[in-house]
Amino acid sequence: MFESLTDKLTNAMRHLRGTAKLSEENMAEALKEVRAALLSADVHFKVARSFIERVKEKCVGQDVLKTVTPGQQIIKIINDELTALLGEGSTELSKKKPLKIMMVGLQGGGKTTTSAKLAKALKKDGYKPHLVACDVYRPAAIDQLETVARQIDVPCFAKRGTPDVPAIGEEGLSVAKASGDDLIIFDTAGRLQIDDQLIEEIKELKRRVQPDEVLLVVDGAIGQEAVNVAKTFNEAVQLTGIVMTKLDGDARGGAALSMKEITEVPIKFAGTGEKLDDFDVFHPDRMASRILGMGDVVSLVEKAQETIDEKDAANMAERMMSGDFNFEDMLKQFRHIKKLGSMSSIMGMLPGMGKLAGNMGMDDKAEKQMKRSEAIILSMTKIERQKPQLLNSSRRTRIARGSGVKLAEVNQLIKQHMQMKKMMKKMQGGGKKAGNMKKMMKQMKASGMDPNQMGGMGGSMPNLDNLKF
């Protein structure tokens, strides 16, 4: 979503390279481009103006530290301001039990799916969720909520044939409590636009069920209108948080950068895809880093810890280091990677890789190549996967036909597997490991791939936490 903004902010920083000191003159052009980048990303004009004023105030007169360039110094300042703009501080939900959450928003924002995503996420934390269908207007809304509730194996209260939404919510709350459930999520109705009936209905529902959290679900593609929507709902029912959906889309993303500042309501969660697992806690500092092209390695590690079994990963590493790495292991690797999400989302979390992958089409190519490689491996017999040395010419031809690829692609995958085994064997041996790693690092530098020069804004990135102003 923020790819265009990232590109424009990167270009804006280039004006400051080689400058000894940040001044009003050399800042003017760069900040003009930053402001244009924010406005083109659909950030509210008032938010963009105040953002630039704060950055300018912090930048002017700053002596450039010996260890960093002016470009890096301003990235630090912009990173801090972006974090503040997106919402510093805690984004945690109330700790009350039972925890009652009311979901509100316009029609089409994704409230029903988000209700199920939230229930599934909190179920992992030990809650016993219960969904309550309070949308009696949209055709099949109740059916949809019941369907997703079955998918995540949680109960769903629904009452057809009555338009009395507050009464439905009240009865659903009683049923959930009687069942011993400690997380009750009310999926309310939305409209294509805000009207008095909608506002009065959710006001009365809130009065009857007394929710601990009122979350506004907003489509990330809504643009500047998101600010008006958030203000109206906040005035009506006092929002406690915002959920941004469809952050995996190609919208300009300005809504996320505007709502917190205008409403002073924190963004608590983000929907990052269509699957019920594509739902994350919103971390302002991590999102700011991603917007500036510095990746989000912390979130990638957390996602890996959630989806990959630690013991399985340790066994895999041991097999690789011993050189006993076969196609069964490679297949497991592919499936581990798929659990982490799409290649584009993984690339976006790696410093400097999001833009590079997009420009070269690496994410799409990698996704397609992985699928083809998986098809090739699945066309092998179990014994062939375990003993690659059995793959003679006739077996390779059969595998190519079975997987629908050319023989050359089968040969290439087998060659890659052999190269991986050779590389792992070279890294074996106690005292040799350090020497081999140093040799690899030297080879990387010689080829222009200095691991210390992987910053997202064109150059090495200092540790932002160590910079003081």
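Described below are features of the structure shown in this document. (Residues numbered from 1 in each chain as written. Predicted model: local features only at pLDDT ≥ 70, side-chain atom pairs only at ≥ 80, totals over all residues. Heavy atoms only, no water.)

This part is about the sheet that holds strand E8 (residues 279–281). With mixed pairing, eight strands are arranged side by side in an open sheet as E3-E2-E4-E1-E5-E6-E7-E8. Strand pairing shows two members of the sheet lacking a second neighbour, strand E3 (156–157) and E8, which therefore form its edges. Alignment of strand E1 (residues 99–104) against strand E5 (residues 213–219), held across four bridges, turns out to be parallel. Within E5, the residue paired with valine 104 across the bridge is leucine 216. On top of the sheet, helix H8 (residues 196–209) reaches E1, strand E2 (129–134), strand E4 (183–188) and E5; it is set at about 180° to E1, its chief contact. Contacting E1 and E5, helix H9 (residues 225–237) crosses the sheet at an angle of about 165° to E5. (Pairing = 2+ DSSP bridges. Helix = DSSP H or I, 4+ residues; strand = E, 2+ residues; numbered from the N terminus. Contact = heavy atoms within 4.5 Å. Axes fitted to C-alpha atoms, helices over the stretch in contact; angles between N-to-C directions.)

So, about the side chain of histidine 130. Secondary-structure assignment places histidine 130 in strand E2. The buried category is assigned to histidine 130, whose relative accessible area is 4%. A distance of 2.7 Å separates the side chain of histidine 130 from the side chain of aspartate 181, its partner in a polar contact. What histidine 130 contacts, discounting residues up to four positions off in sequence, is Pro155, Cys156, Phe157, Val175, Ala176, Ser179, Asp181, Leu183, Ile184 and Ile185. (Buried < 20%, exposed > 50% of the residue type's maximum accessible area, 1.4 Å probe, protein only. Polar contact = N/O pair within 3.5 Å; in protein donor to acceptor, adjacent residues only side chain to side chain.)

Right, let's talk about a positive patch on the surface for a bit. Among the surface-exposed residues, Arg35, Lys46, Arg49 and Lys231 lie close enough to one another that they form a single positively charged patch. Residue class for arginine 35 comes out partly exposed when judged on its relative accessible area of 37%. (Patch = residues over 30% accessible without salt bridge, like charges linked within 9 Å, V, L, I, M, F, W, Y side chains within 5 Å. Areas by Shrake-Rupley, 256 points an atom, 1.4 Å probe, with all protein chains shown as cover. Salt bridge = Lys/Arg side-chain N within 4 Å of Asp/Glu carboxyl O. Lys, Arg positive; Asp, Glu negative; His and termini not counted. Charge placed at Lys NZ, Arg CZ, Asp CG, Glu CD.)

Looking now at the pattern of salt bridges. Inspection of every chain in the model, using the stated rule, returns 19 salt bridges. Two residues, glutamate 92 and lysine 95, come together in a salt bridge whose shortest N-O distance is 3.7 Å. By the burial criterion, glutamate 92 is exposed, and lysine 95 matches it. Between glutamate 409 and arginine 372 there is a salt bridge, with the nearest N and O atoms lying 2.7 Å from each other. Here glutamate 409, found in helix H20 (residues 407–426), pairs with arginine 372, found in helix H17 (residues 362–378); they are 37 residues apart in sequence, far enough to count as distant. Residue arginine 372 is classed as partly exposed on the basis of its relative accessible area of 35%. Taken together, the salt bridges that share partners define one network made up of Glu170, Glu204, Arg207 and Arg208.

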